[in-house]
Amino acid sequence: MQFLTIPTQPIEGQKPGTSGLRKKTKVFMGRHYLENFVQAIFDAIGGAEGKTFVLGGDGRYFNDRAAQVILRMAAANGAKKVIVGKGAILSTPAASHLIRLNRTDGGIIMSASHNPGGPDEDFGVKFNMPNGGPAPEAVTDAIFAQTKAISHYRIAETTDVDLMKISDQTIGNMTVCVVDPVSDYATLMESLFDFTKMRALFAGGFRMRFDAMCAVTGPYAKEILENRLGAPSGTVTHATPLPDFGGMHPDPNPTWAHELMDEMMGPDAPDFGAASDGDGDRNMVVGRGIYVSPSDSLAVLAANAHLAPGYRAGLKGVARSMPTSAAADRVAEALGIGCYETPTGWKFFGNLLDAGRATLCGEESFGTGSDHVREKDGLWAVLLWLNILAERKETVQEILSTHWRKFGRNYYSRHDYEALPVAQAEGIMGALRARLADLPGLAVEGLKIASADDFAYKDPVDGSLSKGQGIRIAFDGGSRFVLRLSGTGTEGATIRLYLERFVAGPEGLDTEVQAALQPMIDATEILAGIKAASGRMGPDVVT
Ligand code: VG1
Ligand code: CO
């Protein structure tokens, strides 16, 4: 075995987005591409010498090959130890947990999350910090700067490590510790939730469907739901992670998880349904005949978390991303706890969680989590719902109706216009941004604009400032829309339009969502002209 120093040159565009670097798999497989980025990570964090890392991914195409490259590079960069999930598999929340549990110097997660996988689809790499959370902007900026300055990378020339064997192996002086990807995570879940009550729920005939979408949560859900909680075998479907996710789009929303939606809306629907994404950090929950929007889910979880043992003492605060609906804010107000509004992306929650200011966090994009790890956690959210259902002994429908009657309802929907030409998308955003100062006071379709700005966030813990995080237009009465460009796509540009309308109740709580939002949809088109400028008839995905 030999350590090699390979000369290389900067490759353009290795800029981490909302959640790490995401590109077409073939781009990642290109000459020096992965190697450059991994070396840039090590260089940006002050080297790997003597350090311990966690490594794992969502099992998509190239996951296994990339893992071998990263291990050989870690060894050549002087790392002491890398803890890897068997088969190079780790869900994002499980990786976050292992980083924390073993007090490591961080971890590398191979995933493009909810983006499809395969030779013609997407791959991704992100670095997580010693606290288990995604690298903050200062670190991703430093990684990007390294990708532009790189002149060589270090790699060991050796045979593959056997990642299918749970054991300690070595590359030079570095230990590769292959671990079961599920067990520590499952133990953590047992420490947070009342498994006895939940087992009793299933024993009493409660029926559930969990769609793992051929992605990473399959083995986790099988172990926890079927083995430890006694849900009937077959409760978890699409449970084997596949390199191309079986051709599925592992994004848990009503569009892509349509099989689950059909079952839950059908005549013989189970009591509870859930799905998660490629790397296991997102969740969608569905009741019999009723879909729970992620923003509502966060609010309901915040209002009921104390029913689970891990949150018995109450919450320190709740944080949500800016485009997420304000439903959780009302719960925080009622509980008398802190409430934070952050830019999109889990990295912005890290400081609030570390500082003990927030316990629960959530995003409208099917992400919910707590301070048990530093990532959003799909299965965790599903288990918290289960724990609440086991305690309250009501249906999902009943829990939601009671919640809306108490707090009012934030009708909410996101409209995505995908793969637009970059210049066109930037044009639409730029034109609206240029008019922001003139908008307050203007009436559109009978709605009066209360305020208009481009969201900037000052981190309350470290004071760092993040600008340009999305255009928000608020109307009198608590309705609003938000526009921002996606930072996770790999083709053209995606405009996300977030629509929200608040109804205090008790009347008007049961309108169809898109109908309830129609005035907002019309106002957006008048102000932003997305359809007019793009020539599109409507959004590609509505969630
Ligand atoms: C999207 C979501 C965002 C989420 C991010 C990563 O980002 O909107 O809320 O944090 O994906 O999720 P964007 O920039 O495309 O809107 V995942 O499951 O990658 O880890
Ligand atoms: Co994800």
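Residues numbered from 1 in each chain as written. Chains lettered and ligands numbered in written order. Predicted model: local features only at pLDDT ≥ 70, side-chain atom pairs only at ≥ 80, totals over all residues. Heavy atoms only, no water.

**A word on the pattern of salt bridges**
Summed over all chains, the structure comprises 30 salt bridges. E375 serves as the salt-bridge partner of K126, at 2.8 Å between the closest nitrogen and oxygen. Of the two residues, K126 is situated in strand β6 (residues 122-128) and E375 in the loop between β18 (367-370) and α13 (378-392); the sequence distance between them amounts to 249 residues. E375 shares its class with K126; the two are buried. In this structure, the salt-bridge partner of K197 is E391, at a minimum N-O distance of 3.1 Å. With a gap of 194 residues between them, K197 in helix α7 (residues 195-203) and E391 in helix α13 connect regions that are remote in the sequence. (Salt bridge = Lys/Arg side-chain N within 4 Å of Asp/Glu carboxyl O. Helix = DSSP H or I, 4+ residues; strand = E, 2+ residues; numbered from the N terminus. Buried < 20%, exposed > 50% of the residue type's maximum accessible area, 1.4 Å probe, protein only.)

**Examining the environment of I530**
Secondary-structure assignment places I530 in helix α17 (residues 530-534). Judged by its relative accessible area of 1%, I530 falls in the buried class. Spatially, the C-alpha atom of I530 lies 29 Å from that of Q14, the residues being 516 residues apart in sequence. Not counting chain neighbours up to four residues away, the residues in contact with I530 comprise Y417, I428, L483, I495, L497, E525 and G535. (Contact = heavy atoms within 4.5 Å.)

**Details of the site of ligand 1**
Close to ligand 1 lie 21 residues; T18, R22, S113, T488 and R496 are nearest. Within the side chain of S486, one N or O atom sits 2.6 Å away from an oxygen atom of ligand 1. The residue makeup of the shell around ligand 1, split by class, is no nonpolar, 10 polar and 11 charged. (Near = heavy atom within 4 Å. Polar contact = N/O pair within 3.5 Å; in protein donor to acceptor, adjacent residues only side chain to side chain. Nonpolar A, V, L, I, M, F, W, Y, C, P; charged D, E, K, R; others polar.)

**Here we look at the coordination of the cobalt ion (ligand 2)**
Around the cobalt ion (ligand 2), the protein contributes the donor atoms S113 (OG), D277 (OD), D279 (OD) and D281 (OD), which lie 2.0 to 2.2 Å from the metal centre. Linear spacing of the donor residues for the cobalt ion (ligand 2) on their chain is S-x163-D-x1-D-x1-D. Neither residue differs from the other here; D277 and D281 are each classed as buried. (Donors = N, O, S within 2.8 Å, 3.2 Å for Na, K, Ca; no water.)

**Digging into the environment of D296**
Relative to the assigned elements, D296 resides in helix α10 (residues 294-304). Of the residues examined, D296 reaches a relative accessible area of 5% and is grouped as buried. If we skip the residues at most four places from it in the chain, D296 touches A327, L400, W404 and N410. A polar side-chain atom of D296 sits 3.3 Å from a polar atom in the side chain of W404.

**Concerning the side chain of H97**
Within the element layout of this structure, H97 appears in helix α4 (residues 92-101). Judged by relative accessible area, which is 9%, H97 ranks as buried.

**What about the side chain of D281?**
Looking at the secondary structure, you find D281 in the loop between β12 (272-276) and β13 (283-287). Here D281 falls in the buried class, since its relative accessible area comes to 2%. Of note is the side chain of D281, whose polar atom sits 3.5 Å from the side chain of K376. Not counting residues up to four positions away in its chain, the partners in contact with D281 are T92, P93, S113, F366, G367, E375, K376, D377 and G378.

**With respect to the environment of I89**
Within the secondary structure, I89 sits in strand β4 (residues 81-89). Put simply, I89 and D58 are 31 residues apart on the chain and 5.8 Å apart in space, counted from C-alpha to C-alpha. With residues up to four places along the chain from it excluded, the contact list for I89 reads G56, G57, D58, G59, P181 and V216.

**A word on the sheet that holds strand β5 (residues 107-110)**
The strand order across the open sheet built from seven strands is β2-β6-β5-β3-β4-β9-β8, with neighbouring strands paired in mixed fashion. The outermost strands of the open sheet, each flanked by one partner alone, are β2 (21-24) and β8 (168-171). Neighbour to neighbour, the strand axes of the sheet diverge by 20° on average, direction disregarded. Bridge analysis of strand β3 (residues 52-57) against β4 gives five bridges, and the strand direction is parallel. Within β4, the residue paired with V54 across the bridge is I83. Set on the sheet, helix α2 (residues 33-44) makes contact with β2, β3, β5 and β6; between it and β6 the angle comes to about 15°. (Pairing = 2+ DSSP bridges. Axes fitted to C-alpha atoms, helices over the stretch in contact; angles between N-to-C directions.)

**Section: the packing of aromatic side chains**
Aromatic ring pairs are reported here in terms of the distance separating the ring centres and the angle at which the planes meet. Considering all chains together, one arrives at 13 aromatic pairs under this definition. Ring pairing ties together the aromatic residues F28, Y33, F62 and F123, which thus form one cluster. Just above the ring of F502 sits the side chain of R330; from NZ or CZ to the centre is 3.6 Å. Over the aromatic face of W404 sits the side chain of R409, whose NZ or CZ is 3.8 Å from the ring centroid. (Phe/Tyr/Trp six-rings, centres within 6.5 Å; stacked < 30°, edge-to-face > 60°. Lys NZ or Arg CZ within 6 Å of the ring centre and 35° of its normal.)

**A short note on α7**
The complete set of buried residues in α7 reads F195, M198, L201 and F202. Down the axis, α7 shows its buried residues gathered within 115° of arc, on one side only. Across from the buried face of α7, at angles greater than 90 degrees, the exposed residues are T196 and A203. Where α7 terminates, the next one or two residues include G205, which has phi positive at roughly 100°. (Arc of directions from axis to C-beta.)

**A short note on the packing of helix α6 (residues 183-192) against α13**
The contact between α6 and α13 brings their axes to 11 Å, and the two run at 30°. Judged by the angle between their axes, α6 and α13 are roughly parallel. As α6 runs across α13, the sense of the crossing is right-handed. Contact residues: Y185, M189 and L192 in α6; L379, W380 and L383 in α13. Along the lines of polarity and charge, the residues of the contact of α6 with α13 split into six nonpolar, no polar and no charged. (Parallel < 35°, antiparallel > 145°, perpendicular 65-115°, else oblique. Left-handed = near helix turned anticlockwise from the far one by under 90°.)

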